[in-house]
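# Overview (structure and organization)
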Amino acid sequence: MNETNTTASCKSVLAYADEHADASLARLIDILKIPSISTDSAHDEDVIRGAQWFADELAAIGFEAEVVKTTGHPVVFAEVAAPEGAPTVLYYGHYDVQPADPLELWDSPPFDPQVVDDENGGRVVARGAVDDKGQVMTIVEALRAWHAVAGGPPVGVKIMLEGEEESGSASLDGFLTAYRERLASDVCVVSDTGMWNAETPAITTMLRGMVYQEFTITGPSMDLHSGMYGGAVQNPVNVLCSIVAEMHDSEGRITIPNFYDGVEEPSSAVLSDWESLNFDEEGFLASAGLTNGDGGEHGRSMLERTWSRPTLDANGMCGGYVGEGAKTIIPSSAMVKISCRLVPGQDPEAIEHALVAFVRDRLPEGWSLDIDSHGSNPAVEVRNDSPWLNAAREGLTCAYSNPAIVVGCGGSIPAVGSIQAELGIDALLVGFGLDDDRVHSPNEKFDLRCFNGGIRSQIGMLAAFAAHSS
Ligand code: BES
Ligand code: ZN
């Protein structure tokens, strides 16, 4: 297809997508009903059903699609050949979701998607609505519209949908190695991040990495009567609380030795770009029901603290008696799950060792420590001078009158670093989430304006990639 044809088709493709928006939403609702929770083995069959659902949808719109077994959950791989002379775009997304609990805080069951009317044109509420099924569906629906109107996309398309992103992407590297040649493409597009605001699209060029570990400390060989033993022995819950408390100093800095080794500071140009974004800190805090944002290191802006500084958080902690009423014991053990967000320059393995040593060094004599590692991955930086980035910007104008801005992101997508390293291509992170989407929380939602704007953007980006063939 030449450039003029592509532009003309793009208009009809956009019109098709707009006319069929209800059907797109119906399909999104359908996939949101599958509880593909990757971290919970009770849902292993649901994860496979989720993969098959996407493979079937892609096969229905002209793709050769397969569900590929891995050492963990399957990967959906699908492709459609490039028209002559056109580039090939690889899309990455994930069809697995986070656990839905605490279930009692949902207004409707997490896997019974609801379309709720609101002043923003409505939203769909369900686990995975924005992270990441809704965003993957912007790609699928854009491809469907190209298929219906023009017989297929104006570029070659490969699609890789992962079923383990939310649990650390443990099997992805093996898949990338095995499918390296079949994955060969000119650029990769990932829609699993957010917009700047509902009117302003964003292209993300930094993702933080992660180290995730679970520590269980055991002292007494059984729960003890706290009247008999209290004062004589140490309490594992108390000990673990003080170890966790010691991990930060009063300035909000992490006290693990060597934790900040190698941390790279953004250039002053980048910092002043961030300053000029005039980030709405109050609005951001309000989306979390808060008025105070004193997390992290003192003396740094909130964007810096979330985009370019490393952090350490306890994600869950338990021990002792948590049932109804009172039970007077000194518990035998206590557990904490800790994750660190990493930034460029930090070595995940070194951080893992330093964290373990920190806990071990504080363990009372004769106690035991069990460690369960939930994976690690380094921070990722994406070139911001890629020619593909300009094509993405251009494509986004099909949906948004505000130009796209370049942002960082505090979250992690382990696959992005692996794709860059293994396939040697640029990754464009173009997402359609909003800060108030309640990602990983009860009542996760995706605004319909973002879903429809996302579909239009993907349609436009496909046309723009075809026009910018290098
Ligand atoms: N979509 C998120 C990444 C994200 C989070 C983007 C927040 C924008 C804002 C992704 O699905 C995710 O949650 N990743 C995990 C990865 C982890 C399990 C290794 C994360 O960041 O916690
Ligand atoms: Zn997520």
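Note that the structure is a prediction, hence the values are computed from the model and not measured. (Residues numbered from 1 in each chain as written. Chains lettered and ligands numbered in written order. Predicted model: local features only at pLDDT ≥ 70, side-chain atom pairs only at ≥ 80, totals over all residues. Heavy atoms only, no water.)

### As for the overall build of the protein
Looking only at helices and strands, the protein has 14 helices and 18 strands in total. Its C-alpha atoms give the protein a radius of gyration of 24 Å, near enough to 23 Å, the size a compact globule of 470 residues would have. Each principal axis of the C-alpha distribution contributes one length, and for the protein these read about 85 × 50 × 50 Å. A fraction of 80% describes how many contacts in the protein between residues 6 or more apart in sequence connect residues 24 or more apart. A total of about 20,400 Å² of accessible surface is found on the protein, and carbon and sulfur atoms cover 48% of it. With 28 positive and 70 negative side-chain charges, the protein shows a spacing of 2 Å between the two charge centroids. (Helix = DSSP H or I, 4+ residues; strand = E, 2+ residues; numbered from the N terminus. Rg over C-alpha atoms; globule rule 2.2 N^0.38 Å. Contact = heavy atoms within 4.5 Å. Areas by Shrake-Rupley, 256 points an atom, 1.4 Å probe, with all protein chains shown as cover. Lys, Arg positive; Asp, Glu negative; His and termini not counted. Charge placed at Lys NZ, Arg CZ, Asp CG, Glu CD.)

### Topic: the site of ligand 1
Neighbouring residues of ligand 1: 13 residues in total, closest Asp131, Glu165, Asp192, Arg341 and Ser412. At 2.7 Å from an oxygen atom of ligand 1 is found a side-chain nitrogen or oxygen belonging to arginine 341. A total of 510 Å² of accessible area belongs to ligand 1 in isolation, and the protein chains cover 81% of it. In the shell around ligand 1, the residues fall into 3 nonpolar, 5 polar and 5 charged. (Near = heavy atom within 4 Å. Polar contact = N/O pair within 3.5 Å; in protein donor to acceptor, adjacent residues only side chain to side chain. Nonpolar A, V, L, I, M, F, W, Y, C, P; charged D, E, K, R; others polar.)

### Quick word on the sheet that holds strand E9 (residues 209-218)
Taken in spatial order, the 4 strands make up an open sheet running E11-E13-E9-E14, and their pairing is antiparallel. Each having just a single partner strand, strand E11 (311-319) and strand E14 (368-377) make up the two edges of the open sheet. Looking at each pair of strands side by side, their axes are set apart by 15° on average, direction ignored. Pairing of E11 with strand E13 (residues 333-342), which is carried by 8 bridges, proceeds in the antiparallel orientation. Residue pairing in the sheet places cysteine 318 in a bridge with methionine 335 of E13. (Pairing = 2+ DSSP bridges. Axes fitted to C-alpha atoms, helices over the stretch in contact; angles between N-to-C directions.)

### Remarks on the nonpolar core
Core analysis: the biggest nonpolar cluster contains 68 residues, and Phe54, Ile459 and Phe465 have the highest contact counts within it. At 11 residues, the largest contribution of residues to this core is made by helix H14 (residues 448-467). Filtering out sequence-adjacent residues up to four positions away, phenylalanine 465 remains in contact with Pro87, Val89, Tyr91, Val155, Val189, Trp388, Ala391, Ala392 and Leu428. Ranked by size, the runner-up nonpolar core spans 29 residues in total, among them Leu240, Val336, Cys340 and Ala354. (Core = buried A, V, L, I, M, F, W, Y, C linked by side-chain atoms within 4.5 Å. Buried < 20%, exposed > 50% of the residue type's maximum accessible area, 1.4 Å probe, protein only.)

### Notes on the coordination of the zinc ion (ligand 2)
For the zinc ion (ligand 2), the full set of protein donor atoms is Asp131 (OD), Glu166 (OE), Glu166 (OE) and His440 (NE2), and the range of their distances to it is 1.9 to 2.6 Å. Here the zinc ion (ligand 2) binds 6 donor atoms, and the angle range of 54 to 156° at the metal identifies the geometry as irregular. Along the chain, the residues donating to the zinc ion (ligand 2) fall in the pattern D-x34-E-x273-H. You can see aspartate 131 sitting in the loop between strand E5 (123-125) and helix H4 (133-150) and its partner glutamate 166 sitting in the loop between strand E6 (156-162) and helix H5 (172-178), a full 35 residues away along the chain. The pair aspartate 131 / glutamate 166 is uniform in exposure class, with both members buried. (Donors = N, O, S within 2.8 Å, 3.2 Å for Na, K, Ca; no water. Tetrahedral: all angles 85-135°; square planar, octahedral: opposite > 155°, others 65-115°.)

### Here's the deal with the pairing of E13
For E13, the tally of buried residues reaches 7 of 10 residues, placing the bulk of the element in the interior. Strand direction decides the pairing type here: E9 and E13, joined by 10 bridges, are antiparallel. Considered in E13, the bridge of methionine 210 is made with arginine 341.

### Focus: the packing of aromatic side chains
Taken as a whole and judged by the stated rule, the model has 10 aromatic pairs. Taken together, a centroid distance of 4.5 Å and an interplanar angle of 20° make the contact between phenylalanine 175 and tyrosine 179 stacked. Like phenylalanine 175, the residue tyrosine 179 is buried in the burial classification. Between phenylalanine 259 and tyrosine 260 the ring centres are 5.4 Å apart and the planes differ by 80°, which places this aromatic pair in the edge-to-face class. On the accessibility criterion, phenylalanine 259 (1% relative accessible area) is buried. (Phe/Tyr/Trp six-rings, centres within 6.5 Å; stacked < 30°, edge-to-face > 60°.)

### Describing the sheet that holds strand E18 (residues 445-447)
Spatially, the 3 strands line up as an open sheet ordered E4-E5-E18, and their pairing is antiparallel. The open sheet has two free edges, formed respectively by strand E4 (114-116) and E18, since each of these has just one partner strand. With direction set aside, neighbouring strand axes in the sheet form an average angle of 25°. Lying on the sheet, helix H2 (residues 21-32) is in contact with E4 and E5; it crosses E5 at an angle near 15°.

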